[in-house]
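Here's the letter readout for the chains.
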Amino acid sequence: MRSIFIRRVHRGRKIRHPLYELYRDYYRFYKPGGHRWQYKGQNGFFRASLATVCNVRNIRIQRAKKDIRRLSGDNDVIVCDSKAFMDNRHRQVMPLDFFDKSDGAVRVLLVANARPDVIPPDHVLDRFDIVFKREPFTDRDRYGISSENKDKIRPTMLGCPLIRVTPRNVGNIDPAALGFNRPPDSFEHDVFFSGINTAKVREEFVEGLSNEDFDFHGGLQFRKREPGISRRYSFPRLKRRKYIQLTRKSRIGLVLEGEGPFTYRHLELWFLCSFMISTPHIRGLQLPIKAVEGEHYVCYENYDDLVDKIKYYLAHPRERDRIALAGRKMFERNFSYKKHGEYIRNCIEKNGELHTCSAGTTIT
């Protein structure tokens, strides 16, 4: 299959000027280690998976707007990242009427924002045949959109940042062969968490855990907004090797929600075969992997329950190891760019068959 991917626009955050935003967009995409050369960020897993089944060409939405009729005739699929026409607050900043000229290709929308409750309105979704949403609600009735658009939603998710995926290696990489396939034999810390202060719960829990009688290691990086807690709870951003070392040397890996409930940390802990206690807000999400609470991870209900669960699992190492190992095995079975790519292709081909059938061709 041939596909056009209308990529996200890396807009300026502080300076509002067309030339600056154009420069920033090209720099973020084409710089060494940028999104042109690595499949990373919120849409990285989907883009990498799509590349295993499609010949993908990345373009800006301005190019698509000018040449959509020819592009739709030359390609089987047109995939559009919602961040190509929506800003950082998910407000539409560009009209999509040019999609009316895209007859012939299957039109796919990728919604890769972190929050499961945020999805474009009906007048946007109506223009697309399929909508791939990062970790959507299993209960589609939680979305205030039409029944027809609810039926278009298919799940995708984040990628694991500890796996470096590029256009050159995406066809050969086997995530199951990377990372660690057994829990550590020894530990230095009881609980470890490191992340950006993107949610109030992170500040509150880090402050509380730092004053408990077990060994809590880690803290917050204050980058996106003013800190709401003392700087004594700050923790430096770690390089990859040090992050892996500290995670593996901690009996419990803590996952607190950030901008959304499902985070990189979930995948990193499964990848590293580490025991995980997770935010409960991942309940009710649909993932393209089969992760089961109580079998592959544990959830807390509130802060007091978190402390109780930490103390319980610190005293029960065999249960920790069993869940950590089961989580790793689940990761090995389910986390695959090729498998997710086949899933994406099946969704597209099925939609293509429906289009053919509606045009009058009999399907036997």
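As a reminder, the structure under discussion sits directly above these lines.
Residues numbered from 1 in each chain as written. Predicted model: local features only at pLDDT ≥ 70, side-chain atom pairs only at ≥ 80, totals over all residues. Heavy atoms only, no water.

The secondary structure content of the chain amounts to 11 helices and 11 strands. Here the C-alpha radius of gyration of the chain, 22 Å, is about what a compact globule of 364 residues would show, namely 21 Å. Each of the three principal axes of the chain carries a C-alpha extent, and together these read 65 × 55 × 40 Å. Considering only residue pairs separated by 6 or more positions, the chain has 67% of its internal contacts joining residues 24 or more positions apart. Total accessible area on the chain is roughly 17700 Å²; 47% of this is exposed by carbon and sulfur atoms. (Helix = DSSP H or I, 4+ residues; strand = E, 2+ residues; numbered from the N terminus. Rg over C-alpha atoms; globule rule 2.2 N^0.38 Å. Contact = heavy atoms within 4.5 Å. Areas by Shrake-Rupley, 256 points an atom, 1.4 Å probe, with all protein chains shown as cover.)

Moving on, we get to unusual backbone geometry. If you check the backbone angles, His90 has positive phi at about 65° while not being a glycine. For His90, the position within the fold is in the loop between strand S3 (77–81) and strand S4 (106–111). Not every positive phi belongs to a glycine, and Cys273 is a case in point at roughly 55°.

Further remarks concern helix H3 (residues 61–74). Note: α-helices contain 3.6 residues per turn, so residues at a spacing of three or four share the same orientation. The terminal C-alpha atoms of H3 lie 17 Å apart, and with 14 residues this falls more than 12% below the ideal 20 Å at 1.5 Å per residue. Remark: the principal bend of H3, roughly 90°, maps to Asp67. All of the buried residues along H3 are Ile61, Ala64, Asp67, Ile68, Leu71 and Ser72. Buried-residue contacts for H3 involve strand S1 (2–6), strand S2 (55–59) and S3. (Expected span 1.5 Å × (residues − 1). Bend = angle between axes of the 7 residues up to and from the residue. Buried < 20%, exposed > 50% of the residue type's maximum accessible area, 1.4 Å probe, protein only.)

The sheet built from 6 strands is open, its strands ordered S2-S1-S3-S4-S5-S6 with parallel pairing. Each edge of the sheet is formed by a strand with only one pairing partner; in this case those strands are S2 and strand S6 (153–156). On average, each strand axis in the sheet is inclined to that of its neighbour by 25°, with strand direction left out of account. Two strands pair when backbone bridges link them, and S4 and strand S5 (residues 130–134) are joined in this way by 4 bridges, in the parallel orientation. Considered in S5, the bridge of Leu110 is made with Phe132. Together, S1, S2, S3, S4, S5 and S6 form the strand contacts of helix H2 (residues 44–51), whose direction differs from that of S1 by roughly 160°. Set on the sheet, H3 makes contact with S1, S2 and S3; between it and S2 the angle comes to about 150°. (Pairing = 2+ DSSP bridges. Axes fitted to C-alpha atoms, helices over the stretch in contact; angles between N-to-C directions.)

Turning our eyes to something else, we now look at the packing of aromatic side chains. Two aromatic rings are characterised by how far apart their centres lie and by the angle between their planes. One pass over the structure, following the stated rule, counts 20 aromatic pairs. Judged by centre distance (5.6 Å) and plane angle (50°), the ring pair of Phe205 and Tyr300 falls under tilted. In this pair, Phe205 is assigned in helix H6 (residues 200–209) and Tyr300 in the loop between strand S11 (298–299) and helix H9 (303–314), connecting sequence segments 95 residues apart. By the burial criterion, Phe205 is buried, and Tyr300 matches it. Look at Tyr312 and Tyr313: their rings are 4.9 Å apart centre to centre, the planes differ by 90°, and that puts the pair in the edge-to-face class. Taken together, the ring pairs in this structure connect Phe45, Phe271, Phe331, Phe335 and Tyr337 into an aromatic cluster. Just above the ring of Phe5 sits the side chain of Arg47; from NZ or CZ to the centre is 5.9 Å. (Phe/Tyr/Trp six-rings, centres within 6.5 Å; stacked < 30°, edge-to-face > 60°. Lys NZ or Arg CZ within 6 Å of the ring centre and 35° of its normal.)

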